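Report on the structure
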Amino acid sequence: MITLHWVYALAGAIFAAFALLGLRDATNPRARTTAAFWALLALSMWAGDALGDIGNGVLVLGLVALAGFGGLGRGDGAVPAPARQARADRFGNRLFAIALIIPVTALAGTFLFKGLPGWVDPKQATLIALALGVLIALAVGCLWLRAGATVPLQQGRRLMDQVGWAAILPQMLASLGAVFALAGVGEVVGGLVSQAIPNGSLLGAVIAYGLGMALFTIVMGNAFAAFPVMTAAIGVPLLIRTYHGDPAIVCAIGMLAGFCGTLLTPMAANFNLVPAALLELKDRNGVIRQQVGTALPLLAVSIALIYWLAFP
Amino acid sequence: MWVLLGIAIIVAGFLLRFHPLLVILASAIVTGIAAGLDPLAILAAFGKAFNDARYVSIIWIVLPVVGLLEAHGLQERARGLIGAMRGATAGRFLTFYLLLRQGLSAIGLTSVAGHPQTVRPLVAPIAEAAADAQSGGLNDDEREEVRAMAAATDNVGLFFGEDIFLAIGSILLIKGLLEQYGIILEPLQLSVWAIPTAIAAFLIHGFRLWRLDRRLNAKRNRGEPAP
């Protein structure tokens, strides 16, 4: 059966290719340490399960040491603009067709693979279909555009260098969340928030729940970490048991109040910092800055919706 | 209370713009020590979680495809296409993408689109090309703003679409947690209550995109010289 481990093997191969190509990249002043960083990530993809917990911890220390002390540089290798324009005129809308192969394969594969449970792990159908889409797009792209097989890897390496250490930030923050959970950070925060509610005020409790969800999500970068804490501290004892709120409405909209917090925090790296790197923004927080104007009114609306809809 | 020191380190580290990877590691070590954990246990917990979260980093496998297409003029082609379309504006295009992203997420197709696979190669260049045409030439700050808005639109569409889908992680988390308190709910009872906020998200973000269009159009009408 095809499982996520096949995709890890593919990802490991791609990171290894980035490392090998990076090693020979004369335009990158820190070619060796940059290559070592992607090589460690390839090792994690290939052998993460065999390394053991402490082994993986040491691997993370290596990644952080390489990136944290300025070991990552950027290579070049971009195709000059006039050449790109000439190729754009030549290949036309074929380029869009290839670009759409990945989302279309992911979409079709998700449905198709669920019907083939013996062949493909149904829980991971979309990620496996996404990887398949990448392989198809690469094959079609190289043939149709008459590009050599190293062109996509070289260009991918260039883009990867631009993303740099931000590439592993989401994984690092998920790991920090695990340490926070082990240390019981959530319970302490929940206790503090519940003490801040004015006595006997339903509106105060609703605001504390919605704001607490958003604030704790801003700190943790993840509404999933905030939700159990805020619901245990305020949602269940006050909103549901004391004021008889509808649990479905309180919790469903409460979670979305947390999502408003996700729009506002660098801790949600894969949504906010990674695209800034990927789109080559000068301001690391540029995406967050654009999201403030949507997140704050939406948070207010969500809190109001809980107050109006959940209570009899 | 001492375990909150780790949060203080995170906040201070991001505000002072220290290297985020070092800040995260420092926060994990301090939090673990404050909770009375052995340093090796902290390292093992961190390593195990890092390995378990590998699927998050799979998405980078799309970069070779994006790189191949960009080297062959994908962004230039996007500009050409938008230039030939009358009435295409950055705000209208992003509103269309917002609706599409919300709709796809609401039927559970969250990984079909995203920053590496659709925003970098398609959404951001198309929005930028449209904004360029309608404003009579973007300056650097406006170019940044349009790109950032493209990324923001993807996030808003994803977050406030996915909870409408029954089997998404957040719905299952809510259901599981409430069961611990003896409250039994069906996923459908939860997911329908994601709809009001989803509509509000579309209206608020759509309004902001409409305002973006007005600003860009006004610039051309003032006849400011292109940079």
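Here, the structure is the one placed above.
Described in the following lines is the structure provided in the data block. (Residues numbered from 1 in each chain as written. Chains lettered and ligands numbered in written order. Predicted model: local features only at pLDDT ≥ 70, side-chain atom pairs only at ≥ 80, totals over all residues. Heavy atoms only, no water.)

1. Digging into the interface of chain A and chain B
Counting residues at the interface gives 135 residues for chain A, matched by 104 residues for chain B. A combined buried area of about 10,800 Å² lies between chain A and chain B, and 78% of that area is made up of carbon and sulfur atoms. Across the chain A-chain B interface, the total number found is five salt bridges. Its salt-bridge partner being Glu-76 of chain B, residue Arg-84 of chain A comes within 2.8 Å of it at the nearest N-O pair. Seen at the junction of chain A and chain B, the total is 26 residue pairs in polar contact (both at pLDDT 80 or more). Looking at the side of chain A that touches chain B, the element that brings in the most residues is helix α2 (residues 31-68) of chain A, giving 17 residues. In terms of residue class, the side of chain A that touches chain B is built from 98 nonpolar, 27 polar and ten charged. (Contact = heavy atoms within 4.5 Å. Buried area = accessible area lost by both parts, 1.4 Å probe. Salt bridge = Lys/Arg side-chain N within 4 Å of Asp/Glu carboxyl O. Polar contact = N/O pair within 3.5 Å; in protein donor to acceptor, adjacent residues only side chain to side chain. Helix = DSSP H or I, 4+ residues; strand = E, 2+ residues; numbered from the N terminus. Nonpolar A, V, L, I, M, F, W, Y, C, P; charged D, E, K, R; others polar.)

2. Looking at unusual backbone geometry
Residue and element names in this part refer to chain A. With a phi close to 50°, Arg-146 is a non-glycine residue in the positive phi region. Its place among the elements puts Arg-146 in the loop between α5 (125-144) and α6 (150-163). Judged by its relative accessible area of 70%, Arg-146 falls in the exposed class. Phi angles above zero are rare outside glycine, and His-244 is one such case at about 55°. Of note, His-244 is situated in the loop between α10 (223-242) and α11 (247-262). We classify His-244 as exposed; its relative accessible area is 56%. (Buried < 20%, exposed > 50% of the residue type's maximum accessible area, 1.4 Å probe, protein only.)

3. With respect to the packing of helix α6 (residues 90-106) of chain B against helix α8 (residues 140-162) of chain B
Residues and elements named next belong to chain B. Where α6 contacts α8, the two axes come as close as 7 Å, and the packing angle between them is 30°. One way to sum up the angle between α6 and α8 is to call them roughly parallel. For the pair α6 and α8, the crossing hand works out as right-handed. On the side of α6, the interface is formed by Leu-94, Tyr-97, Leu-98, Arg-101, Gln-102, Ser-105 and Ala-106, while α8 contributes Met-149, Ala-150, Thr-153, Asp-154, Val-156, Gly-157, Leu-158, Phe-160, Gly-161 and Glu-162. Taken together, the residues of the contact of α6 with α8 sort by class into nine nonpolar, five polar and three charged. (Axes fitted to C-alpha atoms, helices over the stretch in contact; angles between N-to-C directions. Parallel < 35°, antiparallel > 145°, perpendicular 65-115°, else oblique. Left-handed = near helix turned anticlockwise from the far one by under 90°.)

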